[in-house]
Amino acid sequence: MDISAIVLCGGQSSRMGYKNKCFFKLGDLSFIEIITDKLSTIFDKILLVTKDPKKYIPLGYKVVKDLFKESSSLTGIHAGLIYSTTRYNFVVGCDTPLIKLELIKYLVSTIDSNYQVVVPKVKGYFEPLCAIYSKDCIPIIEEMLRKKSFKISKLFSEVNIKIVGDSLLKKYDPSLHSFFNINTEEDYKKALKIYLNVI
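Residues numbered from 1 in each chain as written. Predicted model: local features only at pLDDT ≥ 70, side-chain atom pairs only at ≥ 80, totals over all residues. Heavy atoms only, no water.

Caption draft 1: Just the pattern of salt bridges, in detail. Under the defined criterion, the tally for this structure stands at 8 salt bridges. When the shortest N-O distance is used, the salt bridge between Asp52 and Lys55 registers 3.5 Å. With a shortest N-O distance of 3.5 Å, Lys147 and Glu143 are connected by a salt bridge. Residue Lys147 is classed as exposed on the basis of its relative accessible area of 59%. What makes Glu143 partly exposed here is its relative accessible area of 35%. Shared partners join several salt bridges into a network, and the residues in it are Glu143, Arg146 and Lys147. (Salt bridge = Lys/Arg side-chain N within 4 Å of Asp/Glu carboxyl O. Buried < 20%, exposed > 50% of the residue type's maximum accessible area, 1.4 Å probe, protein only.)

The following block contains the structure:
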């Protein structure tokens, strides 16, 4: 299936001293390098969405900016979908470097033309930044953004979604580390321990 990957490289990282999390390292590689290295084994096309393209151009991937002046995960998804050349797109945040290839491959395998979104649900919560979005979502997202509505979960009530639950996800990532977001210094320390033990 022709599908692209979109990496959201935004976020103020206020809980990490306003440092750019994308360039924090696990071992010798930065988060963004770890994620794009994994994605490149599955996807021929990878887009990075950021407010500061110059920092990411050396990575060698297509870099795009938000089209709405507000900055949010939803505006990032919107920009990625607009610039993507494929109908389906796997969207991931730059702060989940522990994501498992097997889990991504499984999510891709569940794509069904009857659905506009494939989204994991872990412990009762959606994981919108480890999900697959169709370009069919664009007009709905644009209407939401014009109304200053930035909650991704609201999009899910407007489209047909396929939910992938814990039991299936654990077959491909038993520890569910794929959904471990690194938001604080403590998270970063924990991720380092996990990475050194698991990778």
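Caption draft 2: Inspection of the environment of Ser178 at higher detail. Relative to the assigned elements, Ser178 resides in the loop between α6 (166-172) and α7 (185-198). With residues up to four places along the chain from it excluded, the contact list for Ser178 reads Thr96, Leu98, Ile99, Lys100, Leu103 and Asp173. Here Lys100 takes part through its backbone nitrogen, which lies 2.9 Å from a polar atom of the side chain of Ser178. (Helix = DSSP H or I, 4+ residues; strand = E, 2+ residues; numbered from the N terminus. Contact = heavy atoms within 4.5 Å. Polar contact = N/O pair within 3.5 Å; in protein donor to acceptor, adjacent residues only side chain to side chain.)

Caption draft 3: Broad picture of the side chain of Ser4. The topology assignment puts Ser4 in strand β1 (residues 3-8). Only 2.8 Å separates the side chain of Ser4 from the side chain of Thr86, close enough to count as a polar contact. Beyond its immediate stretch of four places on either side in the chain, Ser4 contacts Phe43, Lys45, Leu47, Ser84, Thr86, Tyr88, Asn89 and Phe90.

Caption draft 4: Inspection of a nonpolar patch on the surface at higher detail. The grouping of Leu67, Ile82 and Tyr83 at the surface amounts to a nonpolar patch, some 240 Å² of accessible area in total. Mapped onto the secondary structure, Ile82 falls in helix α2 (residues 73-83). (Patch = residues over 30% accessible without salt bridge, like charges linked within 9 Å, V, L, I, M, F, W, Y side chains within 5 Å. Areas by Shrake-Rupley, 256 points an atom, 1.4 Å probe, with all protein chains shown as cover.)

Caption draft 5: How the structure looks around unusual backbone geometry. Here Lys148, not a glycine, exhibits a phi torsion of approximately 60°, which is positive. Tracing the backbone shows Lys148 in the loop between α4 (138-146) and α5 (152-156). The class of Lys148 is partly exposed, set by a relative accessible area of 48%. With a phi angle near 60°, Leu176 is a residue other than glycine that sits in the positive phi range. Turning to its location among the elements, Leu176 is positioned in the loop between α6 and α7.

Caption draft 6: Summary view of the nonpolar core. Counting residues in hydrophobic clusters, the biggest one holds 31 residues, and the most contacted among them are Val7, Leu39, Phe43, Phe90, Leu107, Ile132 and Leu169. Of all the secondary-structure elements, those providing two or more residues to this core are β1, α1 (31-39), β4 (46-49), β6 (88-93), α3 (101-109), β7 (117-122) and β9 (130-134). When residues in this core are grouped by element, the largest group, 5 residues, is from α3. Apart from the residues lying within four places of it in its own chain, the contact partners of Ile132 are Ile3, Tyr88, Asn89, Phe90, Leu107, Val108, Ile111, Gln116, Val117 and Val118. Judged by nonpolar contacts, the second largest core, of 23 residues, contains Ile6, Leu81, Met144 and Leu155. (Core = buried A, V, L, I, M, F, W, Y, C linked by side-chain atoms within 4.5 Å.)

Caption draft 7: Looking closely at the environment of Ile138. By the secondary structure assignment, Ile138 is in helix α4. Take Ile138: its relative accessible area is 12%, and that puts it in the buried class. On a C-alpha basis, the gap between Ile138 and His78 in space is 6.4 Å, while along the polypeptide they are 60 residues apart. Those residues within four positions of Ile138 in sequence are excluded, and the remaining contacts are His78, Leu81 and Ile82.

Caption draft 8: Up close: the packing of α2 against α4. Where α2 meets α4, the closest approach of the two axes is 10 Å, and the angle between their N-to-C directions is 145°. Note that α2 runs across α4; the crossing there is left-handed. Residues Leu74, Thr75, Ile77, His78, Leu81 and Ile82 of α2 touch α4, and the partners they reach there are Ile138, Ile141, Glu142, Met144 and Leu145. Its residues placed into classes, the contact of α2 with α4 shows 8 nonpolar, 2 polar and 1 charged. (Axes fitted to C-alpha atoms, helices over the stretch in contact; angles between N-to-C directions. Left-handed = near helix turned anticlockwise from the far one by under 90°. Nonpolar A, V, L, I, M, F, W, Y, C, P; charged D, E, K, R; others polar.)

Caption draft 9: Representation of the packing of aromatic side chains in the model. Going through the model one piece at a time under the given rule, you end up with 8 aromatic pairs. Both rings, one in Phe24 and one in Phe31, keep their centres 6.1 Å apart while their planes meet at 45°; by these two values the pair is tilted. Classification of Phe24 as buried rests on a relative accessible area of 11%. Look at Tyr133 and Phe156: their rings are 6.5 Å apart centre to centre, the planes differ by 25°, and that puts the pair in the stacked class. In this pair, Tyr133 is assigned in strand β9 and Phe156 in helix α5, connecting sequence segments 23 residues apart. (Phe/Tyr/Trp six-rings, centres within 6.5 Å; stacked < 30°, edge-to-face > 60°.)

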